[in-house]
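# Structure assessment
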Amino acid sequence: MKNIAVIGSGTMGNGIAHTFAQHGFKVALVDINQDALNRAIQTIAGNLDRQVKKEIISEQLKIETLNNIIAFADLKAATADADLVIEAATENREIKLNLFKQLSEFCKENAILASNTSSISITQIASVTKKPQNVIGMHFMNPVPIMKLVEVIRGYATTDEVTHTIMELSKKLNKVPVEVNDYPGFVANRILMPMINEAIYTLYEGVAGVEEIDTVMKLGMAHPMGPLQLADFIGLDVCLAILNVLYNGFGNQKYAPCPLLVNMVTAGHTGVKSGTGFYQYNKGSKELVVADKYKKG
Ligand SMILES: NC(=O)c1ccc[n+]([C@@H]2O[C@H](COP(=O)([O-])OP(=O)(O)OC[C@H]3O[C@@H](n4cnc5c(N)ncnc54)[C@H](O)[C@@H]3O)[C@@H](O)[C@H]2O)c1
């Protein structure tokens, strides 16, 4: 396995491209949005500079990593030679199904087609391809170059061989892969999202304020970041979308998104990316400030 194609050059796509390229793979990075592609290359270069400064990698490896990445605007050209495609496009079922239909036409017969989806069924994605046995979930965590876990999700038809290949490949990237089956939310988000939802209910019901809830979980449970801050980082729209997948997938009231989360997303207060969520984010400032709406007094 040598040639990797990464689809989508946003938060996750640029991190996935960076990680593979740094480990010697040739990466074709493709996006429908040229600005996103340009930003991704700049972000990767900036992150590599930081790694050089911290003496994590050499200047030479930085140059080799950048040389290993080629940006593409055309899906067919980007994926024709790929041994493995990792789709990290927007978390939208229609976009992903449409992409995998095209990949099934464009890619080499034995190419493995992976999705970095946070919650959409791998079995459903596989069902639109000609070879569902070659489709798998490869769920990286953000930020990809730093986070160790890869949740490897077996669709209903995924073979042992394909699973083994992806587990071994993840180890070559210096990651720790964990194999799980394809049910709503897989493992990571099935456990994380109900916790975040419960934290939002705790705020909604007035049990405690934003800082108090996050402090309890940071100092009491040794979480590096409180659940409300984490929700802001993930994006409240993404949290809502995943909770809806859990709610619809299991048909169980315990996954119903908190009405406060629904209101915040409807109002466009989606967290870091919009500038406000439970906290407010001012460019250039690292100080954590509670959003005006949740300030006390
Ligand atoms: N952000 C996270 O913390 C995180 C963590 C794990 C997994 N994920 C998953 O990774 C995927 C990407 O998330 P993200 O946060 O990087 O999103 P993002 O919005 O930052 O980036 C998505 C990119 O996909 C591009 N895109 C959309 N349709 C496309 C198409 N048809 N062809 C090519 N490019 C296309 C967009 O232009 C955009 O640049 C999602 O499935 C998400 O659920 C996200």
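Described below are features of the structure shown in this document. Quick caveat: nothing in here was measured; it's all calculated off a predicted structure.

A word on the side chain of Gln-280. Inspection of the secondary structure puts Gln-280 in strand β9 (residues 279-280). Accessibility expressed as a relative area gives 17% for Gln-280, which makes it buried. One polar contact links the side chain of Gln-280 to the main-chain amide nitrogen of Asp-292, over a distance of 3.3 Å. Ignoring anything within four residues of it in the chain, the contact list for Gln-280 reads Gly-275, Val-289, Val-290, Ala-291, Asp-292 and Lys-295.

A few words now on the packing of helix α8 (residues 188-204) against helix α11 (residues 236-250). Following both chains from N to C, one finds α8 and α11 inclined at 110°, their axes separated by 10 Å at the closest point. Taken as axis vectors, α8 and α11 run roughly perpendicular relative to one another. Between α8 and α11 lies a crossing of left-handed hand. Residues Asn-189, Arg-190, Met-193, Pro-194 and Asn-197 of α8 form the contact with α11, whose own contacting residues are Cys-239, Ile-242, Leu-243, Leu-246 and Phe-250. In terms of residue class, the contact of α8 with α11 is built from seven nonpolar, two polar and one charged.

Our focus in this paragraph is the layout of surface pockets. Roughly 210 Å³ of internal volume is contained in the second largest pocket. Asn-3, Lys-26, Val-27, Ala-28 and Phe-72 are, among the 14 residues lining the second largest pocket, the residues nearest its centre. Element by element, the count of residues in the lining of the second largest pocket is highest for strand β2 (residues 26-30), at three residues. Broken down by class, the residue content of the lining of the second largest pocket amounts to nine nonpolar, three polar and two charged.

Before going further, it helps to examine the environment of Met-147. Structurally, Met-147 can be placed in the loop between β6 (135-140) and β7 (149-154). Separated by 28 residues in sequence, Met-147 and Lys-175 place their C-alpha atoms 7.9 Å apart. Filtering out sequence-adjacent residues up to four positions away, Met-147 remains in contact with Met-141, Asn-142 and Lys-175.

For the structure shown, the criterion picks out six aromatic pairs. Ring centres 5.9 Å apart and planes at 40° place the aromatic pair Phe-278 and Tyr-294 in the tilted group. Here Tyr-294 lies in the segment after β10 (289-290) and Phe-278 lies in the loop between α12 (259-266) and β9, a separation of 16 residues in the sequence. By the burial criterion, Phe-278 is buried, and Tyr-294 matches it. Taken together through their ring pairs, the aromatic side chains of Phe-20, Phe-25 and Phe-140 make up a single cluster.

Here is what the cut-offs are and how they apply
Residues numbered from 1 in each chain as written. Predicted model: local features only at pLDDT ≥ 70, side-chain atom pairs only at ≥ 80, totals over all residues. Heavy atoms only, no water. Helix = DSSP H or I, 4+ residues; strand = E, 2+ residues; numbered from the N terminus. Buried < 20%, exposed > 50% of the residue type's maximum accessible area, 1.4 Å probe, protein only. Polar contact = N/O pair within 3.5 Å; in protein donor to acceptor, adjacent residues only side chain to side chain. Contact = heavy atoms within 4.5 Å. Axes fitted to C-alpha atoms, helices over the stretch in contact; angles between N-to-C directions. Parallel < 35°, antiparallel > 145°, perpendicular 65-115°, else oblique. Left-handed = near helix turned anticlockwise from the far one by under 90°. Nonpolar A, V, L, I, M, F, W, Y, C, P; charged D, E, K, R; others polar. 1 Å grid on protein atoms, 1.4 Å probe; cavity = no way out; pocket = protein on both sides within 12 Å on 5 of 7 lines; lining within 4 Å. Points joined across faces, edges and corners; volume = space filled by probe spheres on them. Phe/Tyr/Trp six-rings, centres within 6.5 Å; stacked < 30°, edge-to-face > 60°.

In short, shape yes, function no, at least from these values alone.
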